[in-house]
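Examining the three-dimensional arrangement
Given next are the chains, with one letter for each unit.
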Amino acid sequence: MTPRLASSWRRYLSFFGARVERDVDDELAFHVQERIDEYIAAGMDPDAARTATLERLGDLTRYRGETLAIEHQEERRRTMSDVISSIIGDIRFGARQLGRNLPLTIAALLCFALGVGANTSIFSVVNAVLFRPLPFPDSDKLVMISEGMPKLAADINAISAADLLDFKESEGRALQSIALVQQRATTVMINGEAQSIPAAALTPSAFKVLRVNPAVGRAFADADTTAAAGLVVVISDGLWRRQFGADRAMIGKQITFSTGRTAEVIGIMPPSFGFPLPGLGMPVADIFLPFRFTQGVMNARADNFNTVAFGRLQDGVTMARAEALLGEIGRQLPLRYPESWGKAKVNGGDLLIHVKSLRATAVGESRRPLLVLLGAVGFVLLIACINVASLFVARASARKREIAIRKVLGATRGRLTQQFLAEALLLLAAGSALGLLAARWATRALVALAPGNFYSSFDVGIDARVLAVTGGLTVITALVFSILPGLRGQQSDGETSIREEGRSATANRTRQRGRRILIVSEVAFALVLTIGAGLMLRSLSRVRSVNPGFDAENVVVFNLSLPNAAYPDVDRIKLAEQQIVQRLREIPGVTSASATSNLPMQGPWLITFTPEGAPPSQVPVASNALVLPGFFEAMRMPLRAGRYFTENDTKGTPGAVIITETMARKYYGSASPIGRKFKRGSPDSPVPLTEIVGVVADVKTRTLDEEPLPAVYHAVLQQDTGLMVSMYRGLAYVVRTRATLPNLAASIRAAVRTVDPKLVVLNVRPMDAIVGETIATRKFNATLLGLFAALALALAGTGVYGVLQYSVIQRKREMGIRIAVGASASDMIRLVVGQAVGLAAIGVAIGLAGAFALTRVIRALLFNTDPLDGITFAASALVLLSIAVLSSYLPARRALRIDPTIAMRAE
Amino acid sequence: MSTSLDLLQGTLDLLVLKTLSWGPAHGYDVARWIQDVTGDVLRVEEGSLYPALHRLEKRKLLKSSWGLSRNNRRAKYYEITAKGREALASEASTWSSFTKAVTTVMTSADRPAWAK
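For the structure given in this document, a descriptive report is provided here.

Reading guide: rules and limits
Residues numbered from 1 in each chain as written. Chains lettered and ligands numbered in written order. Predicted model: local features only at pLDDT ≥ 70, side-chain atom pairs only at ≥ 80, totals over all residues. Heavy atoms only, no water. Helix = DSSP H or I, 4+ residues; strand = E, 2+ residues; numbered from the N terminus. Buried < 20%, exposed > 50% of the residue type's maximum accessible area, 1.4 Å probe, protein only. Contact = heavy atoms within 4.5 Å. Areas by Shrake-Rupley, 256 points an atom, 1.4 Å probe, with all protein chains shown as cover. Phe/Tyr/Trp six-rings, centres within 6.5 Å; stacked < 30°, edge-to-face > 60°. Lys NZ or Arg CZ within 6 Å of the ring centre and 35° of its normal. Pairing = 2+ DSSP bridges. Patch = residues over 30% accessible without salt bridge, like charges linked within 9 Å, V, L, I, M, F, W, Y side chains within 5 Å. Salt bridge = Lys/Arg side-chain N within 4 Å of Asp/Glu carboxyl O. Lys, Arg positive; Asp, Glu negative; His and termini not counted. Charge placed at Lys NZ, Arg CZ, Asp CG, Glu CD. Disulfide = S-S within 2.5 Å.

Here we look at the overall build of chain B
- Check the secondary structure of chain B and you find four helices and three strands.
- Its helices and strands taken in sequence order, chain B reads α-β-α-α-β-β-α from the N to the C terminus.
- Burial analysis of chain B (116 residues in total) assigns 40% to the buried set.
- Of all intrachain contacts in chain B linking residues separated by at least 6 positions in sequence, the fraction that spans at least 24 positions is 50%.
- Surface exposure of chain B reaches about 6600 Å², of which carbon and sulfur atoms provide 57%.

Shown next, in the form of structure tokens:
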């Protein structure tokens, strides 16, 4: 046994491989052998003897290095290899020290890993969304182009598609190339089942602008956009994998739409391609169709603004320059197209062209919530660091004796600092590694769970910058939170510490102050975070309780479109739609049913209109919908004046419209403008005047948390013109039931089948889900913030618990004396809990002040909630105080178990 | 010895010199002796003894030679030099006057003037 150890020791030394060193090595080897022999003689088993010997010797590598340095007359100047070997020694020693107190080490490790994990995952999202370029080559040259008319709205964030052909004139001067994207809805038959799949139409130039090509197959060519060409599609990698089993032979195959049309798949995009980008107001598409400039598109110039233009700047051209060049074209449009832009100019003022960075548009309004979340995880990390620091302080105090002896043995201050840093770095690096692993998983979860696939269009991942930030955090934390307590431990005088360690009746004053600061700051940080999360959650519950203007409960909606081929004329469409509604009403349990062209919160159809008697310069915008009779009753939209539509409002009766309260008040100056006239479009548009027959309550058209838009409703049965028919060929049906019905979807399909078995029922879902989606981002952010606050509370609770627990152990002797002189159990509890609550109260005061200053940052994110909401502040303060009571009660009970006679002899 | 040893840093040196004043010994013996005499209160990391021994040898307070141990192993024996004995004597008196002074302060019942 001993020779084996000796030889392995020598083999270990041969790494350093110097013959000059042989004597020193022999000398040390002799010591090792003698010590082992003695332990074995004392009855230890050989392995234990070996371990105990190495323990006893301490850091051999380092001592050997120091001895050699003396031999080489280099006591002061240590060579590089000595420094390295002493660092290696420090790390080994550090690992041994950490292993000695495993529970404490693991606690510190987990605290730090949690903090780092939360920070890294949020930062990698922030990094991708706010800092990293969009995942396209040279993406800083990508811009969005939009048109606006000062009198209508400042900026409509879209253009009238036909104008793209005019803007193309600037290609080569302002822009290298320019492209269009338009949201489409497609219904594809996959394995005999109709599936609605988000789609987008792109001009062939889109691939050139974005500089992305299909991973398999080809992109659109100009020939694909001609009327004669067969329909072709490019599909996303996601759709290809999900629905077509990642089959490369998909290229050239046909997909079939529910209308019976087919299209050839010509390309599959790479996995990283997520388009349209979030912030453009369209869902990320899985199917891309070529955009065609049909006669209809050309006729809708200055009327339809449902396409988004984007382009790539010419090298050396700034956004301002591009805006000026495109603006010149914009000013010519009224002259070129007097019938469309010429008239719009009269009503809407000059046409404005805006060129904005595509990046800024894509990020949209997500910037502030992300920064708030980043701040929140920063707080979590701070609290985690304070926990780690308190553990280090506890360790440093416990190791006072060791430190003192090492000082006596000649260790310099620098040497000790190096030792502490090595230990801290070892622990925190392990914690960071653990945190990074957790972050990898958490980042994926964040991307997957974010509403509307928001993050998936960005390149979210752990990159060099994220790693650098995590590494930097680790090093800074190690420096600040481990060396400081380490140095404090060192300050004690070596001589006295060896002999008088722990003999003071009450714990050292400076150490107690340190502990107080830790408790106070943990409580303060956790409180700020809790208040922030509390405000967000309160705001969320306020949004949830907002009245959308209809009753979404027990309402199921679905989409259904009548194909052109089977339903060529207006009367057949209206008849089929009325029959479907009739069959739906006959389903047992259904109380009412109807249909609308535009369901609230599903993207409004905005129109311009002329109120009766308004000055001609004013062309306001309203949301519009075509509805079947019974719609308002089915949605339970309260009637404020006049009447609802009836079955009698048909072709041949005078045109009737129903408007909302806001519209009545704002544009007719009356709560009940029944009998007054309404006109769609500008004053000189050819649309006939219609009469207002009813006023309904306001409806949230887009989202729960917005101000209601003025809205106007037309009766489907009175509309016969081309555009209107195309709007009601596909309707959203609403079905109200008495209670939640099982198999309602199946009953709906059966009812529709009785009208026409070829019709496809799509997107059957409860109305409240649609309402919920409009506040999903709010909910997501509030939930995350709530999660971080919970984490902060848990960390702060354990931190306070740990500090007090340690403090009770340190004060064992004092407690023993108190019990011996007659202090009762409740006195002891009062002592510990009282002290903790006192400190927590200071923390609460500081935290309240901090929150007072900081909550204004989230003011913009709050809905109907005062950032200084008293109830939230009070409740959060109470939570923190309760945690302080709880986490001090347990150590206090421990204090009760102290046996005075043992305690007084302690140490 | 004209220069006085730094008290804290030199405490181990002092212990080593004192040990070897009883006669030549190898490093392991020195460690054992300090351990036995102090009842393991000064739980010195044994490895730290060697830099001290070599430092003292460099300063010619000790000299060394290789010999065989009781177990017939090759061991390095240290012996105190005349210069070493001088240093020990002067350091020992410094040490005891230091501890005496500290003890006096610590056990004094006389209040300082400003506290009366």
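Next comes the rest of the description.
Some thoughts on the packing of aromatic side chains
Residue and element names in this part refer to chain A.
- Summed over all chains, the structure comprises 18 aromatic pairs over all chains.
- Arranged with centres 6.3 Å apart and planes meeting at 50°, the rings of Phe123 and Phe131 form a pair that is tilted.
- For Phe123, a relative accessible area of 11% corresponds to the buried category.
- Arranged with centres 5.5 Å apart and planes meeting at 10°, the rings of Phe632 and Tyr644 form a pair that is stacked. In this pair, Phe632 sits in helix H21 (residues 631-635) while Tyr644 sits in the loop between strand E16 (639-642) and strand E17 (656-660), placing the two residues twelve residues apart along the sequence. Exposure class is identical for Phe632 and Tyr644. Each is buried.
- Among the aromatic residues, those joined into a cluster by ring pairs are Phe136, Phe273, Phe275, Phe288 and Phe310.
- A cation over an aromatic ring shows up here: Arg301 above the ring of Tyr337, its NZ or CZ 3.4 Å from the ring centre.

With respect to the sheet that holds strand E3 (residues 74-80) of chain B
Residues and elements named next belong to chain B.
- If you walk across this open sheet you meet the three strands as E1-E3-E2, and the pairing is antiparallel. One side of each edge strand has no neighbouring strand; the edge strands of this open sheet are strand E1 (25-26) and strand E2 (62-68).
- As paired elements, E2 and E3 share seven bridges and run antiparallel to each other. Bridge pairing in E3 places Lys63 opposite Glu79.

Looking at a positive patch on the surface
Residue and element names in this part refer to chain A.
- Taken together, the side chains of Lys812, Arg893, Arg894 and Arg897 make up a positively charged region of the molecular surface.
- Summarising the element assignment, Arg893 is placed in helix H29 (residues 870-896).
- With relative accessibility at 39%, the residue Arg893 sits in the partly exposed group.

Let's talk about the state of the cysteines
Residues and elements named next belong to chain A.
- For the coordinates displayed, the defined rule picks out zero disulfides over all chains.
- Counting only cysteine sulfurs, Cys385 is the nearest neighbor of Cys111, a cysteine outside any disulfide, at a range of 9.6 Å.
- Taking relative accessible area as the criterion, Cys111 reaches 11% and is therefore assigned buried.

Topic: the pattern of salt bridges
- Within the structure shown, the criterion is met by 40 salt bridges over all chains.
- Across the pair Asp237 of chain A and Arg241 of chain A runs a salt bridge whose closest N-O atoms are separated by 2.8 Å. Remark: Arg241 of chain A and Asp237 of chain A occur in helix H9 (residues 237-244); sequence separation between them is four residues, near one turn of the helix.
- Where Lys651 of chain A meets Asp720 of chain A, a salt bridge forms, and the shortest distance between an N and an O atom there is 3.6 Å. Residue Lys651 of chain A is located in the loop between E16 and E17, and its partner Asp720 of chain A is located in the loop between strand E20 (711-715) and helix H23 (722-728); the two are separated by 69 residues in the primary sequence.
- On the accessibility criterion, Lys651 of chain A (55% relative accessible area) is exposed.
- Residue Asp720 of chain A is classed as partly exposed on the basis of its relative accessible area, which comes to 29%.
- Salt bridges here are not isolated pairs; linked through shared partners, they connect Arg35, Glu38 and Arg56 of chain A together with Arg32, Asp36 and Glu46 of chain B.

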